[in-house]
There are 2 protein chains.
Amino acid sequence: MSTKTSPAIDPVKLDRLAEVAVRTGLNLQEGQDLILSASVTALPLVRKIVEHAYKAGAGLVTPILSDDQTALARYRYGHDAGFDRAAGWMFDGMAQAYDKGAARLAVAGGDPMLLANEDPDKVARANKAMALAYTPARERITQFKTNWSIVAYPDPAWARLVSPDLPEDEAVHVLAEAIFAASRVSDDSAVASWAAHNAELGRRAAWLDGQNFAALHYTGPGTDLTIGLADGHKWIAGATEAQNGISCNPNIPTEEVFTTPHKLRVEGRVAATKPLSHQGTLIRDIAVEFKDGAITQATASSGESVLNKVLDTDEGARRLGEVALVPHASPISQSGLLFYNTLFDENAASHIALGQCYSTCFHRGETMDSDEIARRGGNASAIHIDWMIGSDQIDIDGITQSGERVPVMRKGAWAN
Amino acid sequence: MSTKTSPAIDPVKLDRLAEVAVRTGLNLQEGQDLILSASVTALPLVRKIVEHAYKAGAGLVTPILSDDQTALARYRYGHDAGFDRAAGWMFDGMAQAYDKGAARLAVAGGDPMLLANEDPDKVARANKAMALAYTPARERITQFKTNWSIVAYPDPAWARLVSPDLPEDEAVHVLAEAIFAASRVSDDSAVASWAAHNAELGRRAAWLDGQNFAALHYTGPGTDLTIGLADGHKWIAGATEAQNGISCNPNIPTEEVFTTPHKLRVEGRVAATKPLSHQGTLIRDIAVEFKDGAITQATASSGESVLNKVLDTDEGARRLGEVALVPHASPISQSGLLFYNTLFDENAASHIALGQCYSTCFHRGETMDSDEIARRGGNASAIHIDWMIGSDQIDIDGITQSGERVPVMRKGAWAN
Ligand SMILES: [Zn+2]
Ligand SMILES: [Zn+2]
Ligand SMILES: [Zn+2]
Ligand SMILES: [Zn+2]
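Just so it is clear, the structure is predicted and the values come from calculations on it, not from any experiment. Every chain is numbered on its own, with residues counted from 1 as its sequence reads. Starting at A for chains and at 1 for ligands, labels are handed out in the order in which the entities are written. At least 70 in pLDDT is required for a residue's local features to be given in this predicted model, at least 80 for side-chain atom pairs to be given and counted, and no such filter applies to totals for whole chains, interfaces and linings, which use all residues. Only hydrogens and water are removed before side-chain values are computed, so all heavy atoms of the structure are retained for them.

### A look at the overall build of chain A
Step number 1: Each helix and strand counted, chain A has 13 helices and 21 strands in total.
Step number 2: Here the C-alpha radius of gyration of chain A, 20 Å, is about what a compact globule of 416 residues would show, namely 22 Å.
Step number 3: Projected onto its principal axes, the C-alpha positions of chain A cover 60 × 50 × 45 Å.
Step number 4: Think of it in three bands: residues with accessible area under 20% of the maximum for their type are buried, residues over 50% are exposed, and the middle band is partly exposed, with areas taken using a 1.4 Å probe on protein chains only. Looking at chain A as a whole, 59% of its 416 residues qualify as buried.
Step number 5: Taking the contacts inside chain A whose residues are at least 6 apart along the sequence as the reference set, 76% of them involve residues at least 24 apart. The helix and strand labels rest on DSSP assignments: H or I over at least four residues marks a helix, E over at least two residues marks a strand, and numbering proceeds from the N terminus. With C-alpha atoms as the basis for the radius of gyration, the globule rule is written as 2.2 Å multiplied by the number of residues raised to the power 0.38. Whether two residues are in contact is decided by their heavy atoms: any pair within 4.5 Å suffices.

### Focus on the confidence of the model for chain A
Step number 1: As a per-residue measure, pLDDT reflects the predictor's confidence and takes values from 0 up to 100. Chain-level pLDDT for chain A is 94 on average; 99% of the residues reach the 70-or-more range.
Step number 2: Across the interfaces of the predicted complex, the ipTM metric reaches 0.82, alongside a pTM of 0.84.

### Regarding the packing of helix α1 (residues 11-26) of chain A against helix α8 (residues 168-182) of chain A
Residues and elements named next belong to chain A.
Step number 1: α8 packs onto α1 with a crossing angle of 40° between their chain directions and a minimal axis gap of 11 Å. Our classification of the angle between α1 and α8 gives oblique. In the crossing of α1 with α8, the sense of the turn from one axis to the other is left-handed. Across the interface between the two elements, K13, L14 and L17 from α1 touch E177, I179 and F180 from α8.
Step number 2: Of the residues belonging to the contact of α1 with α8, the class tally is 4 nonpolar, no polar and 2 charged. As a rule, the C-alpha atoms of each element are fitted with a line to give its axis, helices using only the stretch in contact, and angles between N-to-C directions run from 0 to 180 degrees. Any angle that falls under 35 degrees is termed roughly parallel, while one over 145 is termed roughly antiparallel, one within 65 to 115 roughly perpendicular, and all others oblique. What makes a crossing left-handed is the near helix being turned counterclockwise from the far one by less than a right angle; a clockwise turn instead makes it right-handed. Gly falls in the polar group here, along with every residue not listed as nonpolar (Ala, Val, Leu, Ile, Met, Phe, Trp, Tyr, Cys, Pro) or charged (Asp, Glu, Lys, Arg).

### Comments concerning the pairing of strand β2 (residues 61-66) of chain A
Side chains on a regular strand alternate between the two faces of the sheet.
All names here are of chain A.
Step number 1: As paired strands, strand β1 (residues 34-39) and β2 are joined by 6 bridges and run parallel to one another. Following the sheet pairing, I35 is matched in β2 by T62.
Step number 2: Crossovers are marked right-handed if the path from the first strand over the helix to the second runs clockwise, as seen with the strands pointing away from the viewer. Taking the sense of rotation as the criterion, the β-α-β connection linking β1, helix α2 (residues 43-55) and β2 turns out right-handed. When DSSP finds at least two bridges between two strands, those strands are taken to pair.

### Considerations on the coordination of the zinc ion (ligand 2)
All names here are of chain A.
Step number 1: Those donors, E322 (OE), H384 (NE2), D386 (OD) and D386 (OD), are the protein atoms that reach the zinc ion (ligand 2), and they lie 2.0 to 2.6 Å from it.
Step number 2: Because water is not among the atoms used, a metal site may look incomplete, as its donors are only the N, O and S atoms within 2.8 Å, or 3.2 Å for Na, K and Ca. Only four donors with every angle between 85 and 135 degrees are called tetrahedral; only four or six donors with opposite donors over 155 degrees apart and all others between 65 and 115 are called square planar or octahedral, in that order; all others are irregular. Here the zinc ion (ligand 2) is ringed by 4 donor atoms whose angles at the metal span 55 to 145°, and the overall shape comes out irregular.
Step number 3: Written as a sequence motif, the donor arrangement for the zinc ion (ligand 2) is E-x61-H-x1-D.
Step number 4: For the pair the zinc ion (ligand 2) and the zinc ion (ligand 1), the metal-to-metal distance amounts to 3.3 Å, and E322 bridges them.
Step number 5: On the basis of relative accessibility, which here comes to 8%, the residue D386 falls in the buried class.

### Description of the pattern of salt bridges
Residues and elements named next belong to chain A.
Step number 1: We count a salt bridge whenever a side-chain nitrogen from Lys or Arg sits within 4 Å of a carboxyl oxygen from Asp or Glu. On inspection of all chains with the given rule, the structure shows 44 salt bridges over all chains.
Step number 2: As a salt-bridge pair, R405 and D397 come within 3.0 Å of each other at their nearest N and O atoms.
Step number 3: When its relative accessible area of 48% is taken as the criterion, R405 is described as partly exposed.
Step number 4: Using a relative accessible area of 13% as the deciding quantity, one classes D397 as buried.
Step number 5: One salt-bridge network, held together by shared partners, links D15, K48, E51 and K55.

### Concerning the relation of the copies chain B and chain A
Step number 1: The superposition of copies rests on a least-squares fit of C-alpha positions from residues with pLDDT of 70 or more in both. The operation relating chain B to chain A is a screw motion whose rotation component is 180°, with 0.0 Å of axial translation and a residual RMSD of 0.0 Å. With respect to symmetry, the two chain copies, as superposed, fit the operation of a two-fold axis.
Step number 2: Comparing interface residues between copies, 98% of those in chain B also lie at the interface in chain A; the contact surface is shared.

### Topic: the interface of chain B and chain A
Many analyses report the size of an interface as the accessible area lost when the parts associate.
Step number 1: Counting residues at the interface gives 43 residues for chain B and 42 residues for chain A.
Step number 2: Accessible-area loss on putting two parts together, using a 1.4 Å probe and summing over both, is the definition of buried area adopted here. Together chain B and chain A conceal approximately 3600 Å² of surface at their shared face, both sides included; 68% is due to carbon and sulfur atoms.
Step number 3: Connecting chain B to chain A are 4 salt bridges.
Step number 4: When the shortest N-O distance is used, the salt bridge between D67 of chain A and R47 of chain B registers 2.5 Å.
Step number 5: Polar contact is the term for a pair of N or O atoms within 3.5 Å; when the atoms are in protein, one must be able to donate a hydrogen and the other to accept it, and sequence-neighboring residues count only if both atoms are side-chain atoms. Run the count over chain B and chain A and you get 10 residue pairs in polar contact (both at pLDDT 80 or more).
Step number 6: Going through the elements one at a time, α2 (43-55), β2 (61-66), α3 (68-77) and α4 (88-99) of chain B are the ones with two or more residues in the side of chain B that touches chain A.
Step number 7: A class-by-class count of the residues in the side of chain B that touches chain A yields 20 nonpolar, 14 polar and 9 charged.

### Some words on empty space enclosed by the protein
Residues and elements named next belong to chain A.
Step number 1: A cavity, in this analysis, means grid points on a 1 Å lattice covering only the protein atoms where a 1.4 Å probe fits yet has no way out; a pocket is instead an open set bounded by protein on both sides within 12 Å along at least five of seven lines, and a residue lines either one if it has an atom within 4 Å of a point. Grid points are joined across faces, edges and corners, and a volume is the space filled by probe spheres set on the points. Throughout the structure, instances matching the rule amount to 4 cavities of 30 Å³ or more.
Step number 2: Considering only enclosed or pocket space, the largest cavity measures out at about 50 Å³ in volume.
Step number 3: Every residue along the wall of the largest cavity is listed here: V326, H328, A349, S350, G390, S391, I394, I396, M409 and G412.
Step number 4: The residue inventory of the lining of the largest cavity, partitioned by class, reads 5 nonpolar, 5 polar and no charged.

### Here's the deal with the domain arrangement of chain A
All names here are of chain A.
Step number 1: The source of the domain bounds is an automatic or database domain assignment. Per the domain assignment, the segments of chain A are domain 1 (11-182) and domain 2 (209-236 + 253-414).
Step number 2: Contacts between the two partners involve 29 residues from domain 1 and, on the opposite side, 25 residues from domain 2.
Step number 3: Contact between domain 1 and domain 2 buries roughly 2200 Å² in total, counting both sides, with carbon and sulfur atoms accounting for 68%.
Step number 4: On inspection of domain 1 and its partner domain 2, the count reaches 1 salt bridge.
Step number 5: Note that D121 is salt-bridged to K309, the shortest N-O span being 3.8 Å.
Step number 6: For the interface between domain 1 and domain 2, the tally reads 2 residue pairs in polar contact (both at pLDDT 80 or more).

### What to know about the coordination of the zinc ion (ligand 1)
All names here are of chain A.
Step number 1: Protein coordination at the zinc ion (ligand 1): the donors are E256 (OE), E322 (OE), E346 (OE) and H351 (NE2), at 1.9 to 2.4 Å from the metal.
Step number 2: Metal-centred angles of 74 to 158° between the 4 donor atoms at the zinc ion (ligand 1) mark the site as irregular.
Step number 3: Spacing between the donor residues of the zinc ion (ligand 1) along their common chain follows E-x65-E-x23-E-x4-H.
Step number 4: E346 gets classed as buried once you look at its relative accessible area, which sits at 4%.
Step number 5: The exposure class of H351 is buried, given its relative accessible area of 0%.

### So, the sheet that holds strand β17 (residues 351-355) of chain A
Residue and element names in this part refer to chain A.
Step number 1: In spatial order, the strands read β7-β10-β16-β17-β18; together these 5 strands make up an open sheet with antiparallel pairing. The open sheet has two free edges, formed respectively by β7 (236-237) and β18 (384-388), since each of these has just one partner strand.
Step number 2: Across the sheet, helix α9 (residues 190-211) lies against β7, β10 (257-259) and β16 (320-325), angled at about 40° from β10, the strand it touches most.

### So, the pairing of strand β16 (residues 320-325) of chain B
Residues and elements named next belong to chain B.
Step number 1: Across the 6 residues of β16, 6 count as buried, placing the element largely inside the fold.
Step number 2: The pairing of strand β10 (residues 257-259) with β16 spans 3 bridges and is antiparallel. What sits directly across from F258, in β16, is A324.
Step number 3: As paired strands, β16 and strand β17 (residues 351-355) are joined by 4 bridges and run antiparallel to one another. Paired with V323 across the two strands is I352, which belongs to β17.

Right, dumping it as structure tokens:
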């Protein structure tokens, strides 16, 4: 195993990405512990992050490294009875660590198509067991009990998927540069750029909050959808103050302005505008119909069985937990790449998410228990899966509490 | 990162080592989960082990991968206040997983000299915090609550230490072949070889048990040492039946026949016959004196401060928890290599261990609580560190309960 970074990846920008992850993404505090999860292929970034975390005064940094090949071996050689198991002991421990103050950083990467050829029933069972076992840890993240963030590393397998016609080194270079641009580390004022970007996103969220829309209405090819918003919903963008008082940027990159839809008030039909890469399966051309907030019918040109298994995870899996607005002019959209990765593709287009809502997307959400969140229309589920419904052909109107229409987006751009 | 095995490592023997680890080392059962810890440099072996584990019917295999460079970053960049921390949440979770039936495999490897140039005070503080946090998990292992094993992988940094005058590829080849020979996987009847070896070790242990010696007396250069044996001590070798009823080989390789000394009945002086590699520091030429079971004075030609910090870990750290007999003719001794790794070097020479005893080294030990073990002379500590005192110049007599002398070893060879 080489411990050197690929020459296709600019080491200066990689170092800046690690610094932005620690300083802006996590805003890691002196003495704070950090749990860092990544694929072994991302080791060059992991090592830089660990270095910056300790320089920032981290207590103990614990990397949790995964390996695609051993994950695949389970499907190739594992006996059938083993697919309902998950490492609950580890996820419970992580939840415990967050309660004791540890921050959390995930490095996205790995091969998005890893499980594409495996038995979808086994994939769904393993994912469901994982999602259930991960619930205590996931709840602490979605509820921002601690400061957390996600950044991405240009894994060679991911790069080959994004640029299938290029030799591997060139593909890695293209993906690396796209990640660096989207993550705003291309020039040497990265931490300052992030401060300006957070301020602009904050202004958008404040305007939407001031409108207090009852619903959003989407029209476009294959789409005529009304999404009611939750009672007391709050628009969020950029930096978020976690319950431990630390302001973090949970997604690097981030372009979205998002809130909680009402789980019972979604009506109409919507067509996805990008494929959804879900745990190794690519789901293409998703089209669904909603009635009373629930998906009543779902089709896809590929991956339809995986999609329907996802929707059957639990009661909340066919309802919405997030609605997010992203201008088509976002730097990620302008890169022209399909990343096959939600962290990037969701920041190229307006999107919605199946499953769990964020309690932070309510005014005074930190004071609400799960019953109150449910009464206000907040959805609950073991899953949270974003999928893209925005493009330069989508118009969005806000519908005020008194029934008036206010243009929000036109042809994928902010209307004001 | 290359995902291919180094050409210096025979892939057929590597595959056999993985199979012996799963079938003989762990004796992994259908449906049993496995926690597998290793350095990322050992990924080629980890992947083979995961494959064999799933083929043997493993439920879920969870690899825990560590990285030397991130471990080092803590010492290079970490603030002083962080060195008393440990990932207790992970070790507690492992203990929980063992209680629920998971087996445990550790792959030894990594750079033995990693921390050699770091501040010994920080190394000692970090090790102590780790040892304390790891106590619940370690107790389940030392008490054989579950089946467990250790195997080794020829890490390049380790190989360079063993063969400093060879180019890296040749050094890796030499170490790989030595590991394969010591682990008895050089020919294609590896699992059968292990059955025969276990039977031979079992005969030695049965003879020693029949003698029920009160003490062993060692003489040789720098050594005149009497080690009293614990009341009700039991000699163990090769395979061990864990408390879950599964017979496992906890060390691959293993040549030793060992039992529990009496923590209060060790007298005299002893000189180590090989350097001790402890958490990255090489301690050379250890010489100690015992009185009433405790080390009253300890010297070393290098690493003496680390040695004395180890002895100060807790009350039990200066007393013995294990005494082990290994003939100088063992295959590992005959390799002529100094491995700088206890798993190998302890199987090249008779040795003793500071710290925690094994409750399995008592007749009916599984029925005893820690008070009864202590009354019988069993030692307790957060550490268990083996060091080598055997050579072809050491004679050992057994002293019977009635005070007679019985030759056990002469010039490092079994006397009968
Ligand atoms: Zn989103
Ligand atoms: Zn989302
Ligand atoms: Zn031993
Ligand atoms: Zn030992």
